[in-house]
Amino acid sequence: MGETMERIVKGGAFIIEDLTPNDIITPEDFTEEHEMIAKTTEDFVIGEVLPVVDKLENHEFEYAVNLLKQAGELGLLGVDVPEEYGGLGLDKISSSLITEKFARAGGFSVTHGAHVGIGSLPIVFFGNEAQKEKYLPLLATGEKIAAYALTEPGSGSDALGAKTTAVLNDEGTHYVLNGEKQWITNSAFADIFIVYAQIDGNKFTAFIVERDFPGVSTGPEEKKMGIKSSSTRTVILEDAQVPDENVLGEIGRGHIIAFNILNVGRYKLAVGGIGGAKRGIELAVKYANQRKQFQTPISSFSLIQEKLGTMAANTYANESAVYRTVGLFEQRMGNLTEEALRNGKEVANAIAEYQIECSLTKVFGTELMDFVADEAVQIHGGYGFMQEYEVERMYRDSRIQRIFEGTNEINRLLIPGALMKRAMKGELPLLQKAQALQEELMMLIPEEVEDKVLEQEKYLVKNAKKIGLLAAGLAAQKFGVNLEKEQEILANLADIVSEVYLMESALLRTQKAIEKEDSEKNNLKILYTEVYVQEAFNRIEAHAKETIIASEVGDTLRMTLSAMRKLTRHDPTNVINKKREIAKAIIKAEKYRV
Amino acid sequence: MNIFVLLKSTFDTEEKIEIRDNRIDDEAAELIINPYDEYAVEEAVKQRDTHGGEVTIISVGGERSEKQIRTALAMGADKGVLINIQDDLEEPDQFTTVRLLQAFFEDKEVDLILAGNVAIDNASGQVGPRLADKLNLTCITTITSLTIDGGVASIERDVEGDTEIIETHLPLLATCQQGLNEPRYPSLPGIMKAKKKPVDELELDDLDLEEEDVAPKTKTIEVFLPPERKAGKLLEGEVTEQVQELVSLLKHEAKII
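Residues numbered from 1 in each chain as written. Chains lettered and ligands numbered in written order. Predicted model: local features only at pLDDT ≥ 70, side-chain atom pairs only at ≥ 80, totals over all residues. Heavy atoms only, no water.

Peer 1: With reference to specific residues and values, describe helix H3 (residues 62-74) of chain A.
Peer 2: Given a rise of 1.5 Å per residue, 13 residues ought to cover 18 Å, and the 19 Å separating the end C-alpha atoms of H3 of chain A matches this to within 8%. Taken as a whole, H3 of chain A has its buried residues at Ala64, Leu67, Leu68, Ala71, Gly72 and Leu74 of chain A. For H3 of chain A, the arc enclosing every buried residue in end-on projection is 155°, short of the 170-degree limit, so these residues lie on one face. Facing away from the buried side of H3 of chain A, by more than 90 degrees, are the exposed residues Glu62 and Glu73 of chain A. Those residues of H3 of chain A that are buried lie in contact with helix H1 (32-49), helix H2 (53-57), helix H5 (107-119) and helix H7 (129-141) of chain A together with helix H5 (188-194) of chain B. (Helix = DSSP H or I, 4+ residues; strand = E, 2+ residues; numbered from the N terminus. Expected span 1.5 Å × (residues − 1). Buried < 20%, exposed > 50% of the residue type's maximum accessible area, 1.4 Å probe, protein only. Arc of directions from axis to C-beta. Contact = heavy atoms within 4.5 Å.)

Below, the structure written as structure tokens:
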């Protein structure tokens, strides 16, 4: 389904390459089937999940299990499972739309996501034939429910530091696992756990552990701040007997599975962030239209409109970036042969290709969700603090998103790290480009930007990439291998790279829409793009400046800053006005629209 | 059994109504299957699963109605027919729809036609009964239960809150009321199968009709939104004073007594 893109785009290449609108997949490319799948999911969430949210929040998990089975009957659990193993084997856009629509269910979306994502995918991608045949048909229908057990009390971000051990018994038939896995989603009712343990103390390995195996138990239910609809417990392994055929992937290569599954988990969280943000906007604008103060609906106050405008523009940019990333995956995975799909290594390479895009969409998608939830509460005023209002739950539910699947701090550090690694390996000509830029800057004369729609935005995206290169090149030159210790600078660079990806995604999406149909229907898309690109550019400028100041002193500092000014010079956009225009459309529609 | 479902695309219940040039503007609106027609689709699929045969969805509308037809196919119907009048007719009314459907059914073998009791947009509730009249079919409206056994239909229908029990013979046209069944969600396998099911598109020519044959019998003079509700008035004072004031207001201001 969906249009295929014209060429395979390399992961991370966007920072130095100029892309065309046809290089990316956008929500405007979705097919009628995609829309129907989204609608079925939405109707299921509204019709079946929301009526029992109070029960779910109250940890009555028989409702969760029942809902998962119903979802399985509708096919909502089998999208990523190949047809030969009882699934539907649909494209990544379909599974992403399901994830997006589930977001409204709050904690239950985490239950669903853990099952279809990090719970089932390790077997889909890395299971052998026998494991796939045994487990996938049951997971695709919801007859069995999956969970993912990586985190331990002492190892969160440092996943490979896990202490759980696995020892082969004397008969050579079973591995005996000992250890504790902490904060495991779905643990109250999951039948299958993907567990990581060290064989011989240092061979980090994944196992498929069934709940009914001797020695497997769970601790008490955790008392959490949010996502209370999901079950979170410790999984306790006490001489747990795991048959040796349940080793998942290669012994000692568990990290390949762990990291790649996290990559997938990350972009899925970003997709969920989009769904949550759209719901947050809807709740906020409906309330703002109905709430009157000084005999006036508060949505007519421009400071409320500013919030709605910012929320919607940021949602647009994130939505564009996330579905662009989903499109990249779809294309890369879709191009794998049947044979390659059976080869864990090939699959891992395909997923790892877009590690940078996964991390950055996770960071920005979850921060978008948090920002929108926060502003939605703010617009509700005191009522937003009361549990009768959905935004109260949304606010609590959103907080964890920035923490799990790799904290946003870890993900920020991963972005420049991965870029540098690719540059060193010669996969991305980053250093060459940085050098060429330094020469270019010597004689750079600021360009005249044509007075045509989106010309300014194209110019700003182009220059933002250069600013990123300038700052990164300088920091690399100054700190060399020690750059990895300069975490503040790395986070700045991560933000610049991510902002570039988002602004470019919004721009290309809008251009693509205009190329398809040049009409007033695209006005809102243009406004979103203008606002986001301008604001992102301002943030990039600040991050770059801080980085340069931390990297240079004296005359070199002054020279570099003045070189950067050549790149930042532009006719600024009046974002206040544009946000009011955006807000007008949102207030009328009473929801996010494009 | 040859089962047909009359299906109308309507505004999503969440949509806002906007009026432009004395018409309801539907360009930006999300469309759905008229909720009462959903009961009809569900019932048709269930009857087909019990008795065999084929379910055909028929809709009079424009290009965009194809999506609602596809949704019905995803729910399990076998094929669809779209009578597309988008380019030929400006403001069709119930007469137009019935005339088109009459022409369509002229050469069809029919056992059962199911329709919604009413569409949630114009809410005339006329198309089903008027079509039955033209086709000379038995018509039972607002049904809440349907059991078919050897050509005999046992039906319960909703009569202003009471239930009437009827027995009749096929062929039959029935309109469906809330309570008849619980429409299913189109499943993902259903959606993928629907992609391959046939949807025929017919225009006036294909039905041997001219524009004047189907020209509406009614004319819409004006379309307007209900006036915004004004703020209420709180009467003060002793009860007797309040009553007096209320009566006076109803007489002189509201002029309803």
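Peer 1: Break down empty space enclosed by the protein for me, with residues and values.
Peer 2: Take a probe with the size of a water molecule and roll it over the atoms, and the empty space left behind shows itself. Under the criterion given, the structure shown has three cavities of 30 Å³ or more. For the largest cavity, the calculated volume is near 120 Å³. By residue class, the composition of the lining of the largest cavity is 10 nonpolar, one polar and no charged. Quantified by volume, the second largest cavity comes out at close to 90 Å³. (1 Å grid on protein atoms, 1.4 Å probe; cavity = no way out; pocket = protein on both sides within 12 Å on 5 of 7 lines; lining within 4 Å. Points joined across faces, edges and corners; volume = space filled by probe spheres on them. Nonpolar A, V, L, I, M, F, W, Y, C, P; charged D, E, K, R; others polar.)

Peer 1: Explain the packing of helix H3 (residues 94-105) of chain B against helix H4 (residues 127-135) of chain B to me, using residue names and the numbers behind them.
Peer 2: Residue and element names in this part refer to chain B. With their axes 9 Å apart at the nearest point, H3 and H4 run at an angle of 45° to one another. Taken together, the axes of H3 and H4 are oblique relative to one another. At the point where H3 passes H4, the crossing takes the right-handed sense. From H3, Gln94, Phe95, Thr97, Val98, Leu101, Gln102 and Phe105 reach across to H4, where they touch Val127, Arg130, Leu131, Lys134 and Leu135. A breakdown of the residues in the contact of H3 with H4 according to their chemical character gives seven nonpolar, three polar and two charged. (Axes fitted to C-alpha atoms, helices over the stretch in contact; angles between N-to-C directions. Parallel < 35°, antiparallel > 145°, perpendicular 65-115°, else oblique. Left-handed = near helix turned anticlockwise from the far one by under 90°.)

Peer 1: I'd like to hear about the state of the cysteines, residue by residue, with values.
Peer 2: All names here are of chain B. Applying the stated criterion across every chain yields a total of zero disulfides over all chains. Here Cys139 stays unpaired: no disulfide links it, and the sulfur of Cys176, its closest cysteine neighbor, is 11 Å away. Judged by its relative accessible area of 0%, Cys176 falls in the buried class. (Disulfide = S-S within 2.5 Å.)

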